[in-house]
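Working through the structure, step by step
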Amino acid sequence: MLISEFFIMVNQPTLLSSQLFYENRVVEVTLNRVMLGLWKEIETRRKRSASFNCISKDVSYTERTKHHCWRCKDIIFHCLDKAQRQQWVQTINNQLSLLSIRPKRLLVYINPYSGKQRGKWIYEQRVAPLFSRASISTDVIVTESANHARDHLKTEVDLKQCDGVVCVGGDGMFSEVVHGLVSRTQSDSRVDQNQPNQDLVPCALRIGIIPAGSTDCICYSTTGTNDPVTSALHIIMGDSQPMDVCSVHHNNTFLRYSVSLLGYGFYGDVLTDSERKRWMGPSRYDFSGLKTFLTHQYYEGTVAFLPAKDNLGNPRDKIKCRTRCHICEQGANNGQLLSGDHVYKMAEENSDEETSGDGVWRVIRGKFLAINAACMSCACPRSPRGLSPYAHLADGTTDLILVRKASRLDFLRHLIRHTNKDDQFDMSFVEVHRVRRFRFAPKHSNVISEVDLSETSGKKICNQVCTAHPNNDTGHSNWNCDGEILPHADIQVSVHCQLIRLFARGVERGTTFDTYTWSVIEGSNLSWQA
Ligand SMILES: CCCCCCCCCCCCC/C=C/[C@@H](O)[C@H](COP(=O)(O)O)NC(=O)CCCCCCCCCCCCCCC
Ligand SMILES: Nc1ncnc2c1ncn2[C@@H]1O[C@H](COP(=O)(O)OP(=O)(O)O)[C@@H](O)[C@H]1O
Ligand SMILES: [Ca+2]
């Protein structure tokens with residue numbers, strides 16, 4: 001018998017209690033009602049013994065490299081006789097069948113070219129054996145070209161035949177799966193994605209990420225690590241983490257969705273340059289990053305944004321998004337309130353504020369080294385706290401970071417702060433706002449005057465943009481949208497609160513809950529503590 005997690009809560013009704021043998025000692029083992037586990041019977045040479053394997057978080061969690069990592073651990077008990085073993089096997093089996101949150105059938109897409117091109121190896125060697133031990137059946141597709149996974153999900157798959165979709169690769173591969181699933185869900189529900197203000201229908205299936213990419217920011221920000229085994233165990237356990245998705249439009253035409261970084265200026269230029277250097281693997285970003293830094297290009301334009309409600313905090317409040325985050329809960333509640341009542345703030349007469357049906361827009365013009373929107377922290381191995389360390393995964397907002405023109409040295413100081421504990425926003429040329437929607441128009445935009453004419457705020461903002469700087473000709477940058485280059489610089493962005501769900505549970509607080517430990521208590525009793 002093999003159990004891969006044994007999670008026992010105190011004060012729960014006891015289902016089964018027996019004296020078993022553990023490492024040559026007699027121990028009292030109690031099975032409580034709340035027991036999460038995966039298991040299957042295994043052949044054992046000793047007919048009168050049973051073995052339990054436990055999934056627990058790695059007890060060596062104090063080592064920094066092991067932080068937030070989960071590992072498979074084994075505990076072996078020996079039973080007195082076959083009947084006792086069968087009773088345990090059956091009781092646990094019954095309990096497991098009640099855990100409907102755990103996926104039984106998964107659709108897996110592997111990008112064989114992600115990162116260091118080890119996606120297939122990582123899946124086959126480290127993940128597939130765990131799925132099979134958990135009795136999860138899989139349908140595995142190794143992609144043959146870009147957008148293979150997206151188009152397959154959009155048109156071909158019978159989504160009712162699986163309990164979740166797994167992508168093996170980087171942020172780009174995750175983005176493909178998100179596009180496939182979100183678009184499919186909208187077309188099945190006859191929702192038009194081209195309307196920027198359209199409420200979208202949430203996706204029913206959860207998505208799992210087995211990290212094998214170059215940045216792995218989405219996996220890292222939702223689990224606290226980029227470890228494939230940890231991700232596999234989150235999938236097996238049936239964890240669920242809601243996540244915001246930004247829709248990006250140009251001229252009332254849908255362009256793309258984004259879940260992590262939307263970056264114009266610095267990150268757009270890094271990506272544009274790095275695409276030509278894919279052969280370098282993940283280090284292309286460092287190379288292009290250095291090159292872009294030395295180029296030190298700034299861009300002129302106008303940003304207009306709709307601030308988030310005050311109860312969602314602000315990007316510098318030091319409240320981190322953690323498992324079962326209260327801010328994200330508030331965000332979801334706000335969303336429900338707002339759909340019934342779009343006006344939450346009275347218009348104020350101010351030349352830099354525009355009113356629309358759902359609040360007060362603020363308009364900022366300037367010369368920017370970078371304009372970044374982080375819908376989540378964007379923590380990744382390169383920047384363990386991320387682009388916006390206090391951004392939330394599922395609050396319905398994105399943190400809009402405006403980095404104005406500054407000296408090379410100051411910009412370098414700002415960049416370096418992404419890699420240490422210093423506050424990257426505490427600099428005179430950087431400002432950050434928590435927003436629900438925003439627009440950007442580069443200077444000299446011809447197109448923006450046509451943007452969303454149905455909306456009062458849109459019209460006023462566009463007029464301002466088009467008349468403010470009639471004769472400048474600074475070049476445009478590109479938007480980096482989760483690692484894809486957007487074809488337009490003029491964009492409108494709306495955050496859709498909790499549009500998708502991941503097989504993850506967010507980053508957990510501290511270390512006490514991180515570890516499931518067990519101990520043999522004096523008198524040969526065995527108990528577990530969470
Ligand atoms: C001086 C060191 C400065 C380090 C600054 C690091 C900031 C890193 C923030 C990263 C945010 C990542 C957001 C995620 C984006 C991904 O969706 C997206 C796609 O990922 P995929 O290829 O895996 O599919 N990835 C990206 O767009 C890559 C962005 C990575 C940017 C790295 C920039 C490195 C900058 C180095 C500057 C060096 C200056 C040195 C001067 C002496
Ligand atoms: N079989 C394939 N051949 C070429 N490109 C692919 C294939 N499968 C997926 N892609 C594309 O590769 C790009 C990068 O994928 P990703 O998994 O994010 O790797 P990385 O993190 O190294 O950038 C994505 O834009 C994705 O659409
Ligand atoms: Ca968010």
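Residues numbered from 1 in each chain as written. Chains lettered and ligands numbered in written order. Predicted model: local features only at pLDDT ≥ 70, side-chain atom pairs only at ≥ 80, totals over all residues. Heavy atoms only, no water.

- The name given to the chain in an unreviewed UniProt entry is Ceramide kinase isoform X2, with the source organism recorded as Salmo salar.

**Notes on the packing of aromatic side chains**
- As enumerated under the stated definition, the model contains 10 aromatic pairs in all.
- With 6.2 Å between their ring centres and 65 degrees between their planes, Tyr123 and Phe131 make a pair best called edge-to-face.
- Since its relative accessible area comes to 4%, Tyr123 is described here as buried.
- Note on Phe131: relative accessible area 1%, which makes it buried.
- Here the aromatic rings of Phe266 and Phe411 are separated by 5.2 Å at their centres, their planes lie at 80 degrees, and the arrangement is edge-to-face. Within this pair, whereas Phe266 is found in helix H7 (residues 266-275), its partner Phe411 is found in helix H10 (residues 408-416), the two being separated by 145 residues in sequence.
- Relative accessible area serves as the criterion here: at 3%, Phe411 is assigned to the buried category.
- These aromatic residues form a ring-pair network of at least three members: Tyr264, Tyr299, Phe438, Phe440 and Trp479.
- Over the ring of Tyr285 we find Arg284, and its NZ or CZ is 4.4 Å from the ring centre.
- The ring of Trp361 has Arg439 sitting right over it, with the charged end atom 5.3 Å from the ring centre. (Phe/Tyr/Trp six-rings, centres within 6.5 Å; stacked < 30°, edge-to-face > 60°. Buried < 20%, exposed > 50% of the residue type's maximum accessible area, 1.4 Å probe, protein only. Helix = DSSP H or I, 4+ residues; strand = E, 2+ residues; numbered from the N terminus. Lys NZ or Arg CZ within 6 Å of the ring centre and 35° of its normal.)

**Looking at the site of ligand 2**
- Close to ligand 2 lie 20 residues, the nearest being Ser114, Gly115, Gly172, Glu176 and Ser214.
- For ligand 2, a nitrogen atom lies 3.2 Å from a polar atom in the backbone of Ser145.
- The separation between an oxygen atom of ligand 2 and a polar side-chain atom of Glu484 is 2.8 Å.
- Taken by itself ligand 2 offers 570 Å² of open surface, and the protein chains cover 86% of this.
- Ranked by residues supplied to the shell around ligand 2, first place goes to helix H4 (residues 171-188) with 4 residues.
- Class assignment of the residues belonging to the shell around ligand 2 gives a composition of 4 nonpolar, 10 polar and 6 charged. (Near = heavy atom within 4 Å. Polar contact = N/O pair within 3.5 Å; in protein donor to acceptor, adjacent residues only side chain to side chain. Areas by Shrake-Rupley, 256 points an atom, 1.4 Å probe, with all protein chains shown as cover. Nonpolar A, V, L, I, M, F, W, Y, C, P; charged D, E, K, R; others polar.)

**Things to note about the pairing of strand S11 (residues 206-211)**
- Most of S11 is tucked away, with 6 of its 6 residues classed as buried.
- Burial along S11 is two-sided: the residues Arg206, Gly208 and Ile210 and Ile207, Ile209 and Pro211 are all buried.
- For strand S10 (residues 164-169) and S11, the ladder comprises 6 bridges, and the chain directions are parallel. Within S11, the residue paired with Gly169 across the bridge is Pro211.
- Read as a crossover between parallel neighbours, the route from S10 over H4 to S11 is right-handed. (Pairing = 2+ DSSP bridges. Right-handed = clockwise from strand over helix to strand, strands pointing away.)

**Looking at the site of ligand 1**
- Neighbouring ligand 1 are 25 residues, the closest being Asp171, Gly172, Thr215, Tyr285 and Asn480.
- Here an oxygen atom of ligand 1 sits 2.5 Å away from a polar atom, N or O, in the side chain of Tyr285.
- In isolation ligand 1 offers 930 Å² of accessible surface; the protein chains occlude 86% of this area.
- Of all the secondary structure elements, the ones that give two or more residues to the shell around ligand 1 are H4, helix H8 (284-295) and H10.

**Comments concerning a nonpolar patch on the surface**
- A cluster of nonpolar side chains, contributed by Phe21, Val26 and Leu80, occupies part of the molecular surface with about 220 Å² of accessible area.
- Position of Val26 among the secondary structure elements: in strand S3 (residues 25-32).
- Overall, the relative accessible area of 37% leaves Val26 in the partly exposed class. (Patch = residues over 30% accessible without salt bridge, like charges linked within 9 Å, V, L, I, M, F, W, Y side chains within 5 Å. Salt bridge = Lys/Arg side-chain N within 4 Å of Asp/Glu carboxyl O.)

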